[in-house]
Amino acid sequence: MCGIIGYIGYRKASEVIFKGLRKLEYRGYDSAGIATVSGKGISAIKDIGRIDDIHAKRNFLQLEGNMGIGHTRWATHGGVTQKNAHPHTDSTGKIYIVHNGVIENFDSLRAALAKKGHKFVSETDTEVIAHLVEEEGKKEGDFGKAFANAVAKLSGSWSLVCMHQGEEAIYLSRNGPPLILGIGKDEMFCASDVPALLDYTKRVIYIEDGDLVRFTREGYEIKNKGKKVERAVHTVTWTAKMAEKEGFDHFMLKEIHEQGGKIREALAADASGAVALLKGQQNITVVACGTSFYAGLVFKQLLQSRLGVNCDVIIGSEFAYARTGNERVVVAISQSGETADTLSAVRLAKKSGAKILGITNVTDSSLWRESDATVNIAAGPEIAVVATKSFTSQVAVLSKIALTLSGEKQEISSLSDASEQIEQVLERAGELETLASRLAPHKDFFFIGRSLSFPSALEGALKLKEITYLHAEAYAAGELKHGPLSLLQKDVVVVALAPSGTSLPKTISNMSECRARDAQLVAFSDSDEAISKSALHFRMPRVAQLAIPIVYAVPLQLLAYYMAVKLEKDPDKPRNLAKSCTVE
Ligand code: M6R
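Fair warning: this is a prediction, and the values are worked out from it, not measured in the lab.

Scanning the chain from N- to C-terminus turns up 19 helices and 25 strands. Against the compact-globule benchmark of 25 Å for 584 residues, the chain has a radius of gyration of 25 Å, which places it among compact chains. Looking at the chain residue by residue over its 584 residues, the buried ones come to 61%. Sequence-distant contacts, at least 24 apart, represent 70% of the contacts inside the chain between residues at least 6 apart. On the chain, roughly 21900 Å² of surface is accessible, and the fraction owed to carbon and sulfur atoms is 47%. Side chains of the chain give 70 positive and 69 negative charges; the mean places of these two sets differ by 2 Å.

Judged from the five bridges that link them, strand β12 (residues 211-215) and strand β13 (residues 220-224) form a sheet pairing that is antiparallel. Bridging from a neighbouring strand, phenylalanine 215 pairs with tyrosine 220 of β13. Between the antiparallel neighbours β12 and β13 lie four residues. Hairpin connection from β13 to strand β14 (residues 227-229): two residues lie between these consecutive antiparallel strands, with lysine 225 at a positive phi of about 50°.

In this section: the packing of helix α3 (residues 106-115) against helix α4 (residues 125-139). Running from amino to carboxyl end, α3 crosses α4 at an angle of 45°, the nearest separation of the two axes being 10 Å. The angle between the axes of α3 and α4 places the two elements in the oblique class. In the crossing of α3 with α4, the sense of the turn from one axis to the other is left-handed. Taking contact as the criterion, the partners of Phe106, Leu109, Arg110 and Leu113 in α3 are, on α4, Asp125, Val128, His131, Leu132 and Glu135. In terms of residue class, the contact of α3 with α4 is built from five nonpolar, one polar and three charged.

The immediate surroundings of the ligand are formed by 14 residues, with Ser292, Ser334, Gln335, Thr339 and Glu466 found nearest. Between the ligand and glutamine 335, the relevant distance is 2.7 Å, taken from an oxygen atom to a main-chain nitrogen or oxygen of the residue. Here an oxygen atom of the ligand sits 3.0 Å away from a polar atom, N or O, in the side chain of lysine 463. Here the ligand has 410 Å² of accessible area as a free molecule, and 87% of this is covered by the chains. For the shell around the ligand, the secondary structure elements donating two or more residues are α9 (290-307) and α16 (453-468). A class-by-class count of the residues in the shell around the ligand yields five nonpolar, seven polar and two charged.

Counting residues in each nonpolar core, the largest one holds 128 residues, and the members touching the most others are Ile359, Ile401, Phe447 and Phe524. Top contributing element to this core by residue count: helix α19 (residues 548-566), with 14 residues. Not counting the four nearest positions on each side in its chain, phenylalanine 524 is found in contact with Leu432, Leu435, Val495, Ala496, Leu497, Ala498, Phe538, Met540, Tyr552, Pro555, Leu556 and Leu559.

In this section: the packing of aromatic side chains. Within this structure, the stated rule accounts for nine aromatic pairs. Measuring from ring centre to ring centre gives 5.9 Å for phenylalanine 524 and phenylalanine 538, while their planes differ by 40°; the resulting arrangement is tilted. Note that phenylalanine 524 is positioned in strand β24 (residues 520-525) and phenylalanine 538 in strand β25 (residues 536-539), a separation of 14 residues in sequence. On the basis of relative accessibility, which here comes to 1%, the residue phenylalanine 538 falls in the buried class.

Let us now look at the pattern of salt bridges. Per the counting criterion, the structure on display carries 32 salt bridges. The partner of arginine 11 in a salt bridge is glutamate 187, and the shortest N-O contact between them spans 2.7 Å. Remark: glutamate 187 occurs in the loop between β9 (180-183) and β10 (188-191) and arginine 11 occurs in the loop between β1 (3-8) and α1 (13-24); sequence separation between them is 176 residues. With a relative accessible area of 2%, glutamate 187 lands in the buried category. In this structure, arginine 539 engages aspartate 528 in a salt bridge whose closest nitrogen and oxygen atoms are separated by 2.7 Å. You can see arginine 539 sitting in strand β25 and its partner aspartate 528 sitting in helix α18 (residues 528-532), a full eleven residues away along the chain. In this structure aspartate 528 comes out as exposed when scored by relative accessible area, which is 53%. Among the ionic contacts, a cluster of salt bridges with common partners joins Lys241, Glu246, Lys254, Glu258 and Lys389.

Turning next to the sheet that holds strand β5 (residues 88-89). A sheet is described by the order of its strands in space; here seven strands give the open sequence β5-β6-β7-β8-β12-β13-β14, paired in antiparallel fashion. Each end of this open sheet is capped by a strand with a single partner; those strands are β5 and β14. When strand β8 (residues 170-175) meets β12, the two strands line up antiparallel, connected through four bridges. Across the sheet, the residue bridging to leucine 172 is valine 213, located in β12.

The next thing to look at is the pairing of β9. By the alternation rule, side chains of β9 split into Ile180 and Gly182 and Leu181 and Ile183, which are all buried. Pairing geometry for β9 and β10, over four bridges, is antiparallel. Each bridged residue has a counterpart across the sheet, and for glycine 182 the counterpart in β10 is phenylalanine 189. Both β9 and strand β11 (residues 203-206) contribute to a ladder of three bridges, which runs antiparallel. Directly across from glycine 182, in β11, lies its bridge partner valine 204.

Within the open sheet, the five strands sit side by side as β22-β21-β23-β24-β25. Their pairing is parallel. Of all strands in the sheet, those with a lone pairing partner are β22 (471-476) and β25, marking the two edges. Along the sheet, successive strands turn relative to each other by an average axial angle of 15°, direction set aside. Pairing analysis gives four bridges linking β24 to β25, with the strands arranged parallel. If you follow valine 522 over to β25, its bridge partner there is leucine 536.

Before going further, it helps to examine the side chain of serine 334. Along the chain, the position of serine 334 falls in strand β18 (residues 329-334). For serine 334, the side chain forms a polar contact with the main-chain nitrogen of glycine 337, separated by 2.9 Å. Non-local contacts of serine 334, meaning those with residues more than four positions away in its chain, are made with Ser292, Thr339, Thr342, Ile359, Thr360, Asn361, Leu367 and Gln394.

For the rest of this paragraph, the subject is the environment of leucine 559. Structurally, leucine 559 can be placed in helix α19. Overall, the relative accessible area of 2% leaves leucine 559 in the buried class. In this structure the C-alpha to C-alpha distance between leucine 559 and threonine 434, which are 125 residues apart in sequence, comes to 9.2 Å. Those residues within four positions of leucine 559 in sequence are excluded, and the remaining contacts are Leu432, Leu435, Ala436, Leu439 and Phe524.

Cut-offs and rules
- Residues numbered from 1 in each chain as written.
- Predicted model: local features only at pLDDT ≥ 70, side-chain atom pairs only at ≥ 80, totals over all residues.
- Heavy atoms only, no water.
- Helix = DSSP H or I, 4+ residues; strand = E, 2+ residues; numbered from the N terminus.
- Rg over C-alpha atoms; globule rule 2.2 N^0.38 Å.
- Buried < 20%, exposed > 50% of the residue type's maximum accessible area, 1.4 Å probe, protein only.
- Contact = heavy atoms within 4.5 Å.
- Areas by Shrake-Rupley, 256 points an atom, 1.4 Å probe, with all protein chains shown as cover.
- Lys, Arg positive; Asp, Glu negative; His and termini not counted.
- Charge placed at Lys NZ, Arg CZ, Asp CG, Glu CD.
- Pairing = 2+ DSSP bridges.
- Axes fitted to C-alpha atoms, helices over the stretch in contact; angles between N-to-C directions.
- Parallel < 35°, antiparallel > 145°, perpendicular 65-115°, else oblique.
- Left-handed = near helix turned anticlockwise from the far one by under 90°.
- Nonpolar A, V, L, I, M, F, W, Y, C, P; charged D, E, K, R; others polar.
- Near = heavy atom within 4 Å.
- Polar contact = N/O pair within 3.5 Å; in protein donor to acceptor, adjacent residues only side chain to side chain.
- Core = buried A, V, L, I, M, F, W, Y, C linked by side-chain atoms within 4.5 Å.
- Phe/Tyr/Trp six-rings, centres within 6.5 Å; stacked < 30°, edge-to-face > 60°.
- Salt bridge = Lys/Arg side-chain N within 4 Å of Asp/Glu carboxyl O.

Dropping the structure here:
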């Protein structure tokens, strides 16, 4: 949530920051701004809207100088207004700051500063920090110390990037949301995420909680608890090209199309550490949010049905209330590895002695670093806000772990076949585009599935609602008659996932119940009987039971994508959402 960036070097700062913000826009896109320092002083441009639109209107590149900071916002405190957009400044207009996170004590800080005569122009918590640094600067000649003293007064979560007029240096502080330092030759960068830096450097340092950093174009110094610390320099393996659309209209479409190959990479992942950690455990807890939670549901079903192991899957933000406190092993699933709800569950579990297995797409993310064992799902950068390839890669990795634990390694080959079946579905994308045209006028959608197709139904409904803003929800197929059936009528669409297998006859009965209530029934199935019961359908290839959650996810992603396009919504940047939710 919110993308932040800073630069000092020999390039035009506004250009580096503008390009970087475009790469970080998936983190928030309701407003954006850049401030740079030049011989003329500090200048800033900020406004509401998408970065490209603001640039077209205000021209970020008119900002001169070789040092600057920038921000793309996902609003927390204060509405989406030009005044609330970052960067924020102090009373003198000489200190500029961008922030990702939430300052929990900002009300009391603001009141205390107001008593001292500070006037605020925005409703944000961030502006308070700029004034706090200014106030601390009155007592403390050294800007670094003033910044550190201000940070010490904050509670909540933050990544801060701060600069001031009169010194060619940028100051950082991290307590929660991610922050990365990029090391170049005669230039230094900082950003919320790696893609913003890939055009310039692959050498990065992951700033840790509690770190205070000062960097110039020549180098950096990191302090933690007042002492100088060294942090490892990592070489990023992602390339700039991986974070481009490569000819696709949207990142979402590109990422959907990558899934055949990505499944193979996920199945080749080294899961030995995960297997060693889970072996012999009779109770396993999974924590995750959103799409990653649905991948966790697949894992639960495999662990329980194939190993007889008890598995609880808990939404990250509910873990604090639902946990027993006796969890011995917690599997945390997170594409970004930075989701605050999941990380907070992990930290609670660790405190009471649990070992953590982190399943993530981002090596060196917070989850990666805080876990006892890790598996990289190897899906590559996922830029679209909605998860697609990360879901199928998570399921592939989790299935491999479950099958290795249950001694059914030979079954992993049926998952390899999923790659080919995904390609078959992708070749028929045109049929899904046509289906999307037929369904686009409808307003209410129910997705139903049983057994391993139930998590896919949940994921299909989430995809549709996220990017089309239509009402969509998912139920276990047998659950409709326990209430939701009362909502069915003509024009309500029921998308039924009906793969062949032991659950099919009962799913067909549930489909008949929907048809009897005049719902528009759409089957995703390889079964003639299921298809014959439906008004519309997409014929699926016949897939092994284990491959159902992976292969059935793909046409549902495409359906949602084409419906969003038909409805003229941006599938990459759904309203109100942001990738990587770094606030609780
Ligand atoms: O990075 P994570 O996997 O931890 O993210 C979890 C959710 O925020 C994420 O899956 C979200 O639900 C997506 N918008 C789904 O498309």
